[in-house]
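# Structural description and commentary
Listed here are the chains, written in short residue letters.
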There are 2 protein chains.
Amino acid sequence: MSAFSNRVHDYLSGLQSRITQAIEAADGRAVFRRDDWHKAAGEPLQGAGSTRILEGGAVFERAGIGLSQVRGPRLPPSATQHRPELEGSPFEAMGVSLVFHPLNPYVPTVHMNVRMISAGHPGTEPVCWFGGGMDLTPYYGFDEDCQHFHRTCRDALAPFGDDTYPRFKAWCDDYFFNRHRGEARGIGGIFYDDFVGGGAEQGLALTRAVGEAFLQAYLPIVERRAATPWGERERQHQLHRRGRYVEFNLVWDRGTHFGLQSGGRTESILLSMPPLVAWQYQRQPEPGSPEARLTEHFLVPRAWV
Amino acid sequence: MSAFSNRVHDYLSGLQSRITQAIEAADGRAVFRRDDWHKAAGEPLQGAGSTRILEGGAVFERAGIGLSQVRGPRLPPSATQHRPELEGSPFEAMGVSLVFHPLNPYVPTVHMNVRMISAGHPGTEPVCWFGGGMDLTPYYGFDEDCQHFHRTCRDALAPFGDDTYPRFKAWCDDYFFNRHRGEARGIGGIFYDDFVGGGAEQGLALTRAVGEAFLQAYLPIVERRAATPWGERERQHQLHRRGRYVEFNLVWDRGTHFGLQSGGRTESILLSMPPLVAWQYQRQPEPGSPEARLTEHFLVPRAWV
């Protein structure tokens, strides 16, 4: 690993620890289980990771956050479309990815990911590119929560140019969309891929900006909603909406789908699955209800800030 | 529609009705809701269907069976790989597809499908090909159930040659396999695709043979297991195993995946989803338990008859 890769990895590892601790503190009861893993020698990719998973908490029904770092002898074709000069070169990929599923249906599910790929033929300076983002999936919508989440994302991206937030926001709306339902997965956030920008240092700065913004974007919403009383009606609504989350991740999410089909670590990839999910034929919320308002008002791409 | 297509459609429609009635009788409490639909003019495919769904029954927690028939002006490229002479020709597709999810974890989930595609350039005799099969997914395995299911499949296929059952059985084992888990979806059955055989009449005969065998293959197992007492342990096991069913259908099943990505009728395609599903990190059954025996003994392709 180059010195730069080490710096990125150190940042990601620290980020995972800090988020883990903050989520344990917010939960107040459960702790993350730690599962460190290594890719056995002889597998196509070498690498290691640390999966942290909390299940059955007071606030979080299932919360998973994984750190992974893999190396391969040859960059896959899917990654060289825009970089033909790197075809077949050795590469390294690392990232932190999380999905938190709260128990209380008034607390939204959240997803965040930051990752770096670097590749280069031996004897040349490696090229680094970055991807990631965060997005929020409420079961009951609140304008102030959406505004807070998007404002935090916007402020985090401000140092990278005025057009960065609008661009990454639109990218997120486009990516996290259940096309077979004609419906957004959530209220969006930011998403970016293949970011090279002003070089590796700026990529790391972007990674830090997103990573540091995450708890600021999410925890105030958790604190605001965690004590809201809920019952069977809200629970059923949440379980069925979680079905849309599963549909998105297994049908549309390129990382999940590609990971499962290409021999990735299944249990780490499926950290994103909700703990309990329901499907029902043509379930329709009552017109005018908060459940109907979710799809009509919130799950429609709009300018929140 | 040609006279032959009419005959196939009549058979499929009758099959749907008979299965629906038999399942209602077996359930003893719930009835199927009927939802007839039409593709609006102007959509890429013309067609109609009848979706029947039973939810919250005494025996079946969710049981869906759909009949559909669509026509299109141009056969999709995925269907013309083996038939380049039909490229771009008008086509018709029809089928019955079902998935039944019982409430009692001792009763297995079952899937059955029979379908026909016919295509031909105007003024030529259309070519018909057939696909389908049935397979069983137990949560607790019983050798006699697996043997009965496979014996019924084998006997149904006997008129089509001695090699038909072994071929379709191996195809089923290969197709219904969760590659990311290294695990079969269930205990198999039969699966076939692109069957032309001795022409359209033989294809219809095969469709009838599979259709008629279905209730014989499944209902005796339902009757044998439906009164088995079960509790929270069995329920939790069932909910987690259902997660594998979701994973297969959304990640690997070509029909589901292609249907959702190409604008099929979402609620009809997702009839196959279980009513309630759970995920948990690295859930492992106790060594030596019936839950462990499921994966070790039953979810491994083997000769049942």
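Presented here is a report on the structure given in the accompanying data block.

## Re the interface of chain B and chain A
By a widely used convention, the size of an interface equals the accessible area lost when the partners come together. Each partner contributes to the interface: chain B provides 32 residues, whereas chain A provides 32 residues. Interface area, chain B with chain A, both sides summed: about 3,000 Å², of which 59% is carbon and sulfur. The tally of links from chain B across to chain A stands at two salt bridges. Between Glu267 of chain A and Arg181 of chain B there is a salt bridge whose closest N-O contact spans 2.6 Å. One can count 19 residue pairs in polar contact (both at pLDDT 80 or more) joining chain B with chain A. Among the elements that take part in the side of chain B that touches chain A, helix H5 (residues 232-252) of chain B stands out by supplying six residues, more than any other. Its residues assigned to classes, the side of chain B that touches chain A shows 17 nonpolar, seven polar and eight charged. Both strand E10 (residues 276-278) of chain A and strand E10 (residues 276-278) of chain B contribute to a ladder of three bridges, which runs antiparallel. What sits directly across from Leu276 of chain A, in E10 of chain B, is Ala278 of chain B.

## Overview of the pattern of salt bridges
Residues and elements named next belong to chain A. In this structure the tally under the stated criterion is 46 salt bridges over all chains. The salt bridge partner of Glu247 is Arg181, with a shortest N-O separation of 2.8 Å. Taken together, the residues span a long stretch of sequence, with Glu247 in helix H5 (residues 232-252) and Arg181 in the loop between strand E7 (177-178) and strand E8 (183-184) at a distance of 66 residues. Residues Glu247 and Arg181 agree in their burial class; the two are buried.

Rules used in this analysis
- Residues numbered from 1 in each chain as written.
- Chains lettered and ligands numbered in written order.
- Predicted model: local features only at pLDDT ≥ 70, side-chain atom pairs only at ≥ 80, totals over all residues.
- Heavy atoms only, no water.
- Contact = heavy atoms within 4.5 Å.
- Buried area = accessible area lost by both parts, 1.4 Å probe.
- Salt bridge = Lys/Arg side-chain N within 4 Å of Asp/Glu carboxyl O.
- Polar contact = N/O pair within 3.5 Å; in protein donor to acceptor, adjacent residues only side chain to side chain.
- Helix = DSSP H or I, 4+ residues; strand = E, 2+ residues; numbered from the N terminus.
- Nonpolar A, V, L, I, M, F, W, Y, C, P; charged D, E, K, R; others polar.
- Pairing = 2+ DSSP bridges.
- Buried < 20%, exposed > 50% of the residue type's maximum accessible area, 1.4 Å probe, protein only.

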